[in-house]
Amino acid sequence: MTKRFSLAQRLNLVIALCSLLYLSACSKPVTEFHETVFTMGTLVEVTIVGEDELLAEQAYIAILDDFNYMHNTWHPWQRNALQRINSLLQTGAPFSLAPSILPLIEKSQVLSEQSQGLFNPAIGQLIKLWGFHQDNLDDVFGPPEDSEIQTFLKTLPRMSDIKIKNLSMSGTNTNIQLDFGGFAKGVAVDATIEHLQEFGIKNAIINAGGDLRAIGQHGDRPWRIGIRDPRMDDVIASVDIKGDESVFTSGDYERFFETDGKRYHHIIDPRTGYPANKTRSVTVIHSNAATADAAATALFIAGPEQWQEIARSMGIKYVMLIADNGDIHMNPAMAERIQFVTEQKNIMLSQTL
Amino acid sequence: MTNPGLQSIFTLADKILFLFCSILISYCYYFFWQSTPAAYAIIKSPHQDTYRIDLQTSQTHQVKGALGTSTIEVTQGQVRFTASACQNKLCIKSGWHQHNGAVAACLPNRVSIQLASTHSETSYDAINF
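Keep in mind it's a predicted model, so treat the numbers as computed, not measured.

**Some details on the sheet that holds strand β13 (residues 279–286) of chain A**
All names here are of chain A. In spatial order, the strands read β1-β2-β6-β7-β10-β13-β14-β15-β17; together these nine strands make up an open sheet with mixed pairing. The strands lining the two open edges of the sheet, one partner per strand, are β1 (32–39) and β17 (347–349). The average undirected angle you get between the axes of adjacent strands in this sheet is 10 degrees. Alignment of β1 against strand β2 (residues 42–49), held across eight bridges, turns out to be antiparallel. If you follow Phe33 over to β2, its bridge partner there is Ile48. Helix α2 (residues 53–74) contacts β1, β2 and β6 (204–208) of the sheet and is inclined by roughly 20 degrees relative to β1. Along the sheet face, helix α7 (residues 181–198) touches β2, β6, β7 (211–216) and β10 (243–251) and points at about 25 degrees away from the line of β7.

This is the structure we're talking about:
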């Protein structure tokens, strides 16, 4: 029996064809504003899509001022407002609140407590002892003496040692030296994203040296973020972001020096006084960049055994931790979102956070 | 030998339509759904105008930065710093870069390399590290 396609079947084929054309049309390029600038001690990329170019330019110029102000005010080893606060905290006497530093102190006090002290910006003296209070780490010739570290740990300063009462604050530990390090970057990303939103911008990414917050989406699709492998010159995985989320990674490859063939990186465990050594990198996704930043540091220090406990207490829902032995630890919610570039056989799924 | 059943089912117009759909799907897959490598890099420095370099042409560039000269090498779609006036040499240690959306920089020398593609829809919008 001879059978030919009916008119309806042919129409279906034409509809399928039109659908394909429609899909292609969805991928049309959207207007994109992209600029990079050196500020906050790193390279900051600003991407704005789907907006008028003049508006994007105006918003970009406005947030450049924000970045420069925050960089100058919060830099950990330059003469600025933070240095003045550090000097006053060490006296133990009450002094007037510093409006430019207060938001960082208050937010980091909460995050430090939630992280059980693993995120601790009060240990600036210890960071300095390790030689990380300078741009050029070639001048660091080795780790500090163990006795110096142990002496510091005997009176380990904590964020709770800063007391805020009415319009004044004071320190109760003479070893307090605030160093907001990468946390300042998270706060700066939050502040500048909010400033972009005040301009009416709905779709943007601010990427400060690899740590970013993305709002909205890229045209008709989510933002696509690549996550770099901590040991290879390549991307290990990607994650899609839609809405408003931050992706922050702490890694042992960011700032370090090497002595006698051993690498000493900048993420110091406040419990031991030494660089945390059980983790290569931690990637955190969270709605707030400052929280993501603090959590990435705390979970890096927590390591493969304790990260789940700290993530729960900090309210973090998406974590990927690459351990020193190369094992990839993550929670099920993160596993659902992340797409590895190549198959990974050493994935350790945790309980739900 | 062709299948007589198929010959009787499909008209010439059906066959042309199927062929056209196959070509269209291949086209869409190649240009819209595949991840493509970066095609070019945008070089920025405080002492030179911003410019593009083709990543498919092996070449070496000397870029004048805030401290001195940075040397950038391109080969087989990848780019890297091979020398720089900075002291830490972190830019050199960061190795090769080849993905759309990746950015490499020598912070002290204020020289940056931003990788991009003509097919921006298939690239990473940012690289987290």
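**Topic: the side chain of A:Asn175**
Residues and elements named next belong to chain A. Mapped onto the elements of the fold, Asn175 is located in the loop between β5 (168–171) and α7. Since its relative accessible area comes to 16%, Asn175 is described here as buried. Not counting residues within four places of it along the chain, the set of residues in contact with Asn175 comprises Ala122, Gln125, Phe152, Thr155 and Pro157.

**Observations concerning the confidence of the model for chain A**
Mean pLDDT over chain A works out to 91, with 92% of the residues at or above the 70 mark. Across chain A, the secondary-structure element scoring lowest on mean pLDDT is helix α1 (residues 7–26) of chain A, at 60, and the one scoring highest is strand β14 (residues 318–323) of chain A, at 98.

**Observations regarding the pattern of salt bridges**
Residue and element names in this part refer to chain A. Applying the stated rule across the entire model yields 10 salt bridges over all chains. Put simply, Lys278 and Glu305 hold a salt bridge, and the shortest N to O gap is 3.7 Å. Of this pair, Lys278 sits in the loop between β12 (262–265) and β13 while Glu305 is found in helix α8 (residues 289–314), placing the two residues 27 residues apart along the sequence. Among the residues examined, Lys278 registers a relative accessible area of 46% and is labelled partly exposed. On the accessibility criterion, Glu305 (69% relative accessible area) is exposed. Through salt bridges with shared partners, a single ionic network connects Asp190, Arg213 and Asp244.

Rules used throughout
- Residues numbered from 1 in each chain as written.
- Chains lettered and ligands numbered in written order.
- Predicted model: local features only at pLDDT ≥ 70, side-chain atom pairs only at ≥ 80, totals over all residues.
- Heavy atoms only, no water.
- Pairing = 2+ DSSP bridges.
- Helix = DSSP H or I, 4+ residues; strand = E, 2+ residues; numbered from the N terminus.
- Axes fitted to C-alpha atoms, helices over the stretch in contact; angles between N-to-C directions.
- Contact = heavy atoms within 4.5 Å.
- Buried < 20%, exposed > 50% of the residue type's maximum accessible area, 1.4 Å probe, protein only.
- pLDDT = per-residue confidence, 0-100.
- Salt bridge = Lys/Arg side-chain N within 4 Å of Asp/Glu carboxyl O.

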